[in-house]
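Chain residues, written in single-letter form:
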Amino acid sequence: MAQRIADLSLERKNFENFINTLPLLSPREIYERLEDLGYRGQERGRQSVSLMAYRHIKRLKAIHADGVKRDKLPAKTNYLLMGPTGCGKTFLVELLFQKILQIPTVIIDITSFTESGYVGDDARTILTRLLFAAGGDPRIAACGVVCLDEFDKIATAKSNARFAGEGTTKDVSGLGVQRELLKMLEGSDVAVPLDFGYSSFGERIVLPTADIPFLACGAFSGFKYTAQTKGGEEEIGFRRIPKKKSPEKVAYSLEEGEVNDVETFQVYGFLPELIARFTRIIPFDPLSHDTLKEILQDNVIDRYTKEFEDEGLELRVSNNVIDYLINQAIKKQTGARGLNSLLTAYLEEAAYRAFATGGGRVRVDLRKGKVVSRVVASFRART
C-alpha cells in the first residue's frame, strides 16, 4: 500500500513537472520558430495552426496548473488541413508539436486502420500509440496531439442508406472507421487497448480525449471538381450527356467557401457529423516557385553540401539546375516532397565516384537541357 502511494505521488509530480515546463510561446513566436526550423510558405495555414497550438498549451496550463474548470474555457479544437501533396501539411505538425512544443504527438497513416472487430489496426489503437508516446502515462497522453495523415483516403462511396439503421452493416475501412473516429474527436472517454494485437480482448485503460486536439491532413484529390459539380444532374437515355473527366490537377488551390461546405464532403464520401467535429478547415495552396527555391536551397542543398564537406568535397549546384529542378517538381506536381528525390538522382553518380577518394570539387550544371554532375580535381582513393 505504501509503495502504491509512493508511485502515485511520483506520477503526480511528473505530471505537474510536465505541465509547468510546457513552453507558452506566443503565436507569433511559434510562427517564427517554424521559420527558423526551415518551414517555408503557407502563411495562412501557419498562422492558424500556430494560434491553435498556443491555445492548446494555455488551456492545459489553465486546467492543470491554475485549477480552472473546463466548462469555463473554450473547448479543445480539431483542425483539418487540406492541400496538394508536398505542400507542408504533415511537416508543419511534426515541427510544431514534436520539435518546438515537445508534447506527445503521433502522426498516423489512417489508411492502415479498420473498424473494431476486424483484421487490421483497431482505430482505437491510435490512442494506444499516443499513450506509448507519453511513456505510458495516461495523464500526459491526454494532453498530447494526434495527426491523422492521408485522411482523405478513408472517404467511401455515397452509401449512407446502409448506415441509417442501428449499425448492423459495417464498412471496414470507410464509413466504419469514420464512425470510430466520431467519439474520439468529440472529446469523450475511450477504452484504449494496451496492446496492438487482438486489441478487442486485451487489457484496456480509459483515456479521455477532451484535451486531445486532432489534426487531419489530406490531399483530397478531386475535391475541387466535386465542389463544382455536386449539384448537377445529368440527363438519362438518349438525352444523356456523358460527364467529362475532372480537369483538376493534383496541385490545386481551394477557397474558404469550398472547404466549409459540408455537403461537398458528404458527396466526396464523409459523414457530415465527422466533418462538423473539425473546428477549422484550412486550405493549403501549392507552393510557389520562390518558396520551392527557398526550400531547395535551405533544406535540401545545404544538407547535401554538409554531407559532401564531410567527405572532403566542395559541392556546387548552379542556379540553372535549381530552376530546372523546381520546374520539374511543379510539372510533376510533387511539391517540396519531390525536390529531394530529384536532386538525389542527379548526385548519385558523382557521390559514387567521389566519396571516400580524399577530396575534390563536385559541380552540378545544366547542359543542353540535361543535368550533368562532374567531379573536378578528385584525388586518388585512400589505401
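Each remark here, short or long, concerns the structure printed above.
This is a predicted model, so every value here is computed, not measured.

## Remarks on the packing of aromatic side chains
Then, in step 1: Within the structure shown, the criterion is met by 12 aromatic pairs.
Then, in step 2: Among the aromatic residues, those joined into a cluster by ring pairs are F151, F220, F223, F265, Y268, F270 and F278.
Then, in step 3: Directly above the aromatic system of Y31 lies the positively charged group of R46, at a separation of 4.1 Å from the ring centroid.

## Remarks on the pattern of salt bridges
Then, in step 1: Using the criterion set out here, one finds 16 salt bridges in the structure.
Then, in step 2: In this structure, D211 and R70 form a salt bridge, with 2.6 Å as the shortest nitrogen-oxygen distance. Placement of D211 in the loop between β7 (204-208) and β8 (214-218) and of R70 in the loop between α3 (43-64) and β1 (79-82) is noted, with a sequence separation of 141 residues between them.
Then, in step 3: Residue classification places D211 among the buried residues on the basis of a relative accessible area of 3%.
Then, in step 4: A salt bridge links D152 to K153, with the shortest nitrogen-to-oxygen separation between them at 3.1 Å.
Then, in step 5: Taken together, the salt bridges that share partners define one network made up of E35, R40, R46, E294 and D298.

## Notes on the sheet that holds strand β9 (residues 280-283)
Then, in step 1: Strand order in this open sheet of five strands is β2-β5-β8-β1-β9, and the pairing throughout is parallel. Two strands close off the open sheet at either side, each with one partner strand: β2 (105-109) and β9. On average, adjacent strands in this sheet sit at an angle of 15 degrees to one another, irrespective of strand direction.
Then, in step 2: Direction of pairing for β1 relative to β8: parallel, over a ladder of four bridges.

## Looking at the nonpolar core
Then, in step 1: F97, L127, F151 and L181 are the most contacted members of the largest nonpolar core, which has 74 residues in total.
Then, in step 2: Beyond its immediate stretch of four places on either side in the chain, F97 contacts V49, A53, Q102, I103, T105, V145 and L215.
Then, in step 3: In this structure, L292, V321, L339 and A354 belong to the second largest nonpolar core, which totals 26 residues.

## Section: the environment of P104
Then, in step 1: Note on placement: P104 falls in the loop between α4 (89-100) and β2.
Then, in step 2: The exposure class assigned to P104 is buried, which follows from its relative accessible area of 8%.
Then, in step 3: Setting aside chain neighbours within four positions, we find P104 in contact with F18, L130, A133, A134, I140, G144 and V145.

## Some details on the layout of surface pockets
Then, in step 1: Considering only enclosed or pocket space, the largest pocket measures out at about 490 Å³ in volume.
Then, in step 2: Among the secondary structure elements, those contributing two or more residues to the lining of the largest pocket are α4, α12 (289-310) and α14 (335-354).
Then, in step 3: Looking at the lining of the largest pocket residue by residue, the classes come out as eight nonpolar, seven polar and five charged.

## Side note on the state of the cysteines
In protein chemistry, a disulfide is the covalent bond that joins the sulfur atoms of two cysteines.
Then, in step 1: Under the definition given, this model contains zero disulfides.
Then, in step 2: In this model C87 remains outside any disulfide bridge; the closest cysteine sulfur is found in C217, 8.8 Å from its own.
Then, in step 3: Unpaired in terms of disulfides, C147 finds its nearest cysteine sulfur in C217, a separation of 3.7 Å.
Then, in step 4: Among the residues examined, C147 registers a relative accessible area of 0% and is labelled buried.

## Concerning α14
Then, in step 1: A rise of 1.5 Å per residue sets the reference length of α14, with its 20 residues, at 28 Å; its end C-alpha atoms lie 30 Å apart and thus fit the reference within 8%.
Then, in step 2: Considering bend angle alone, the principal kink of α14 is centred on L347 and spans about 40 degrees.
Then, in step 3: Those residues of α14 hidden inside the fold are in contact with α12, β10 (313-317), α13 (319-332), β11 (360-367) and β12 (370-376).

## Quick look at the sheet that holds β11
Then, in step 1: Sheet architecture is open: three strands sit in the order β10-β11-β12, paired in mixed fashion. Only two strands of the sheet have a single neighbouring strand rather than two, namely β10 and β12. Sheet twist, expressed as the mean angle between neighbouring strand axes with direction ignored, is 15 degrees.
Then, in step 2: One ladder, built from seven bridges, connects β11 with β12; its direction is antiparallel. Bridged to V364 within β12 is S373.
Then, in step 3: Packed on one face of the sheet, α12 meets β10 and β11 and runs near 155 degrees to β10.
Then, in step 4: Sitting on the sheet, α14 touches β10, β11 and β12, and the angle it makes with β12 is about 15 degrees.

## Some details on the packing of α3 against α4
Then, in step 1: At a minimum axis distance of 11 Å, the contact between α3 and α4 shows a crossing angle of 30 degrees. In this structure, α3 crosses over α4, and the sense of that crossing is right-handed. Listed contacts from α4 to G45, R46, V49, S50 and A53 of α3 are L92, L96 and F97.
Then, in step 2: Broken down by class, the residue content of the contact of α3 with α4 amounts to five nonpolar, two polar and one charged.

## Re α13
Then, in step 1: Along its 14 residues, α13 runs 20 Å from first to last C-alpha, staying within 8% of the 20 Å computed at 1.5 Å per residue.
Then, in step 2: Burial in α13 covers these residues: V321, I322, L325, I326, Q328 and A329. Down the axis of α13, the buried side of the element spans an arc of 160 degrees, and every buried residue falls inside it. Seen from the buried face of α13, the exposed residues on the opposite side, beyond 90 degrees, are N319 and K331.
Then, in step 3: Buried-residue contacts for α13 involve α12, β10, α14, β11 and β12.

Cut-offs applied
- Residues numbered from 1 in each chain as written.
- Predicted model: local features only at pLDDT ≥ 70, side-chain atom pairs only at ≥ 80, totals over all residues.
- Heavy atoms only, no water.
- Phe/Tyr/Trp six-rings, centres within 6.5 Å; stacked < 30°, edge-to-face > 60°.
- Lys NZ or Arg CZ within 6 Å of the ring centre and 35° of its normal.
- Salt bridge = Lys/Arg side-chain N within 4 Å of Asp/Glu carboxyl O.
- Helix = DSSP H or I, 4+ residues; strand = E, 2+ residues; numbered from the N terminus.
- Buried < 20%, exposed > 50% of the residue type's maximum accessible area, 1.4 Å probe, protein only.
- Pairing = 2+ DSSP bridges.
- Axes fitted to C-alpha atoms, helices over the stretch in contact; angles between N-to-C directions.
- Core = buried A, V, L, I, M, F, W, Y, C linked by side-chain atoms within 4.5 Å.
- Contact = heavy atoms within 4.5 Å.
- 1 Å grid on protein atoms, 1.4 Å probe; cavity = no way out; pocket = protein on both sides within 12 Å on 5 of 7 lines; lining within 4 Å.
- Points joined across faces, edges and corners; volume = space filled by probe spheres on them.
- Nonpolar A, V, L, I, M, F, W, Y, C, P; charged D, E, K, R; others polar.
- Disulfide = S-S within 2.5 Å.
- Expected span 1.5 Å × (residues − 1).
- Bend = angle between axes of the 7 residues up to and from the residue.
- Left-handed = near helix turned anticlockwise from the far one by under 90°.
- Arc of directions from axis to C-beta.

Remember that the coordinates give geometry; whether it matters functionally is a separate question.
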